[in-house]
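One letter stands for each residue in the lines below.
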Amino acid sequence: MAHLNTSPFVRPYVISWNLTYRCNLACEHCYLDAGSTPLVDTEQFADRSELGTDECFRLIDDIVAFAPECLTILTGGEPLLRRDILEIVRRASERGLWVVVGTNGVCITENVARRLAEAGARGLSLSLDALDPDRHDRFRQVRGAWRNTVEGAEILNRTGLPFIVQTTAGAHNLGELEAIADFAHDRLAARVWNLYFLVPTGRGPFVSDITPAQYDEVLASLYRIQRKYDRRMLVNAKCAPHYIKTVLENASTETDPARLRTYSGGAGGCPAGTHYMGIRPNGDLTPCPYLPVFAGNLRSSRLADLWASSALFVEIRRRTSLGGRCGPCEMNGHCGGCRARAYGMTSDLMAEDPLCTHVPGTFAGAPLLTRAAPAIEYGPESPPTIEWDEAASVRMKKIPAFVRGMVVRAVEESCRRNGLSRVTVEELERIRARMPTPKLFR
């Protein structure tokens, strides 16, 4: 296949890799239909085979050759159920990938946390979907799941392995999201809290969900939570590119660039197939883990070829071809809707995002769109434009490689504005204190 050299999306910078269908939970909303007994009988789960250890090693080498130092999320199912998980983590880390492990926390012990860190894992993720243990356990379909999350966080705090807490918004926790964020920060000491908006795929379509109007209330609540935890805990909206409308509505009275999340190259608020991709346990490649449409299989095809030239990836990048309300929307370039949700609810990945309630042309803050913060620009570092102390350069290497170039540019611009000709550790600390991302440069 010929590569599309004219595309601005030259490589993925974040890869979510489902290593296994095996799981010790049976979550109501699982997009992978993971667990010992599949509940969803469709073609998208017809092949439930998994790459073997050597196949995983070859795929890691393929990723490194095409997307060096990318953030690689090893998830499942439950990835810790793979006997070779430490070997996979070590191989990926040794090849320079930035490895994190998405786990439900059931298998976390101090020994497991220590061995994961020694193998090169940079961090883990844990799930917390309700404050009431019984309600969380019902959502996850296993008694004791809530306790495992809490105890897992305590273990990770003792061992020093960073982690994030992830919550899926729905009828099971509507009205207590701020309290869950408080618990994640105050009790669990999480560095990051991600709020996920349900995508109807896998078992997701069978979950009683909340209405689009109720999701608007969730977005407003999320904005308040972001402001509350500014510089203390990073708060993100996931699978909700239309959140930018909520941010811009509030930005009319305050400057709020840190909460504006759009991606470079015209990708808007959904990075699927432009900066991000997913890999299924059998090697199937998709623009997004929640999008059960595949470009090909990495057992028989090269990652670079599928990324650059497959019909699926070429199509999803044509954001000017969005249908329904997304096409003419004045926020198209900043949002663009969730492609996985559009497909899950309409079977058309370029359709409008059904969760969004906005009517195109009615946004009163349209002039703010031209003043929005620059798009997130993943990519390699450019040569420094001013001098760096050696200690400051070493500190910067602790920033994930896929965003390091963007952070370096921001640091150097800050120094120039303040009349500084050299970047020092002291100046990095001053800049870090002004940024909303906790523990940056540490």
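Predicted, not measured: the structure shown is a model, and the values here were computed from it. (Residues numbered from 1 in each chain as written. Predicted model: local features only at pLDDT ≥ 70, side-chain atom pairs only at ≥ 80, totals over all residues. Heavy atoms only, no water.)

Caption draft 1: Seen up close, helix H11 (residues 339-346). Within H11, the full set of buried residues consists of Arg339, Ala340, Arg341 and Ala342. On its buried side, H11 packs onto strand S6 (192-197) and helix H10 (311-316). One or two positions beyond H11, positive phi appears at Ser347, with a value near 65°. (Buried < 20%, exposed > 50% of the residue type's maximum accessible area, 1.4 Å probe, protein only. Helix = DSSP H or I, 4+ residues; strand = E, 2+ residues; numbered from the N terminus. Contact = heavy atoms within 4.5 Å.)

Caption draft 2: Fine view of the pairing of S6. Of all 6 residues that make up S6, 6 are buried, and the element is covered over most of its length. Strand direction decides the pairing type here: strand S5 (residues 163-169) and S6, joined by 6 bridges, are parallel. Its bridge partner lying in S6, Val165 is registered against Trp193. Between the parallel elements S5 and S6, the chain passes through helix H6 (residues 177-186) in a crossover that is right-handed. Of the pairings in the sheet, the one linking S6 to strand S7 (residues 234-238) comprises 5 bridges and is parallel in character. The residue of S7 that forms the bridge with Leu195 is Ala237. (Pairing = 2+ DSSP bridges. Right-handed = clockwise from strand over helix to strand, strands pointing away.)

Caption draft 3: Main features of unusual backbone geometry. Cis geometry marks the peptide bond from Gly76 to Gly77, where omega comes out at 20°. A positive phi is found at Gln141, a non-glycine position, where the angle reads about 65°. By the secondary structure assignment, Gln141 is in the loop between helix H4 (133-140) and helix H5 (145-159). Assessed through its relative accessible area of 46%, Gln141 is described here as partly exposed.

Caption draft 4: Highlighting empty space enclosed by the protein. Per the counting criterion, the structure on display carries 2 cavities of 30 Å³ or more. By volume, the largest cavity is sized at about 150 Å³. Split by residue class, the lining of the largest cavity holds 7 nonpolar, 5 polar and 3 charged. (1 Å grid on protein atoms, 1.4 Å probe; cavity = no way out; pocket = protein on both sides within 12 Å on 5 of 7 lines; lining within 4 Å. Points joined across faces, edges and corners; volume = space filled by probe spheres on them. Nonpolar A, V, L, I, M, F, W, Y, C, P; charged D, E, K, R; others polar.)

Caption draft 5: View of the sheet that holds strand S2 (residues 71-75). Strand order across the open sheet formed by 10 strands is S7-S6-S5-S4-S3-S2-S1-S8-S9-S10, with mixed pairing between neighbours. Strands at the two margins of the open sheet, each flanked by one partner only, are S7 and strand S10 (296-297). Where S2 and strand S3 (residues 98-102) come together, 4 bridges link them in parallel fashion. Its bridge partner lying in S3, Thr72 is registered against Val99.

Caption draft 6: Just the packing of H4 against H5, in detail. Interaxial distance between H4 and H5 falls to 7 Å at its minimum, and their mutual angle equals 105°. The orientation of H4 relative to H5 falls into the category roughly perpendicular. Side by side, H4 and H5 meet where Pro133, His136, Asp137 and Arg140 of the first sit next to Ala145, Trp146 and Thr149 of the second. Considering only residue class, the contact of H4 with H5 consists of 3 nonpolar, 2 polar and 2 charged. (Axes fitted to C-alpha atoms, helices over the stretch in contact; angles between N-to-C directions. Parallel < 35°, antiparallel > 145°, perpendicular 65-115°, else oblique.)

Caption draft 7: Summary view of the packing of aromatic side chains. Scanning the model with the defined rule gives 3 aromatic pairs in all. For the ring pair Trp307 and Phe313, a centre distance of 5.4 Å and an interplane angle of 45° mean the geometry is tilted. Phe313 shares its class with Trp307; the two are buried. The side chain of Arg317 reaches across the aromatic face of Trp307, ending 4.7 Å from its centre. (Phe/Tyr/Trp six-rings, centres within 6.5 Å; stacked < 30°, edge-to-face > 60°. Lys NZ or Arg CZ within 6 Å of the ring centre and 35° of its normal.)

Caption draft 8: Highlighting the nonpolar core. Formed by 119 residues in total, the largest nonpolar core has its most connected members in Trp17 and Trp193. It is helix H1 (residues 53-66) that provides the largest number of residues to this core, a total of 7 residues. In contact with Trp17, not counting residues within four places along its chain, are Leu51, Cys56, Leu59, Ile60, Ile63, Ile73, Leu74, Thr75, Ile279 and Arg280. One finds Ile244, Cys329, Cys335 and Phe363 within the second-largest nonpolar core, a separate group that totals 6 residues. (Core = buried A, V, L, I, M, F, W, Y, C linked by side-chain atoms within 4.5 Å.)

Caption draft 9: Main features of H4. Among the residues making up H4, those that are buried are His136, Asp137, Phe139 and Arg140. Angularly, the buried residues of H4 cover 160° about the axis, an arc narrow enough to put them on a single face. Tucked into the core, H4 has its buried residues touching strand S4 (123-127), H5 and S5. Among the residues trailing H4, Gln141 stands out with phi positive, at a value near 65°. (Arc of directions from axis to C-beta.)

Caption draft 10: Focus on the environment of Gly296. Summarising the element assignment, Gly296 is placed in strand S10. Residue classification places Gly296 among the partly exposed residues on the basis of a relative accessible area of 22%. Distance in space between the C-alpha atoms of Gly296 and Leu312 is 9.3 Å, their sequence separation being 16 residues. In contact with Gly296, other than residues within four places in its own chain, are Gly283, Asp284, Leu285 and Leu306.

Caption draft 11: Molecular detail of the confidence of the model for the chain. Considering every residue of the chain, the mean pLDDT works out to 85; 86% of them sit at 70 or more. Confidence drops under a pLDDT of 50 for residues 1-6, and excluding neighbours within four residues, the segment shows 12 contacts in the predicted structure. Between residues 437-442, whose pLDDT stays under 50, and residues either more than four places distant or in other chains, the model counts 24 contacts. (pLDDT = per-residue confidence, 0-100.)

Caption draft 12: Quick look at the environment of Glu178. Relative to the elements of secondary structure, Glu178 occurs in helix H6. For Glu178, a relative accessible area of 29% translates into the label partly exposed. The spatial distance from the C-alpha of Glu178 to the C-alpha of Gln226 is 9.9 Å, given a sequence separation of 48 residues. Looking at Glu178, its side chain comes within polar contact range of the side chain of Lys228, at 3.5 Å. (Polar contact = N/O pair within 3.5 Å; in protein donor to acceptor, adjacent residues only side chain to side chain.)

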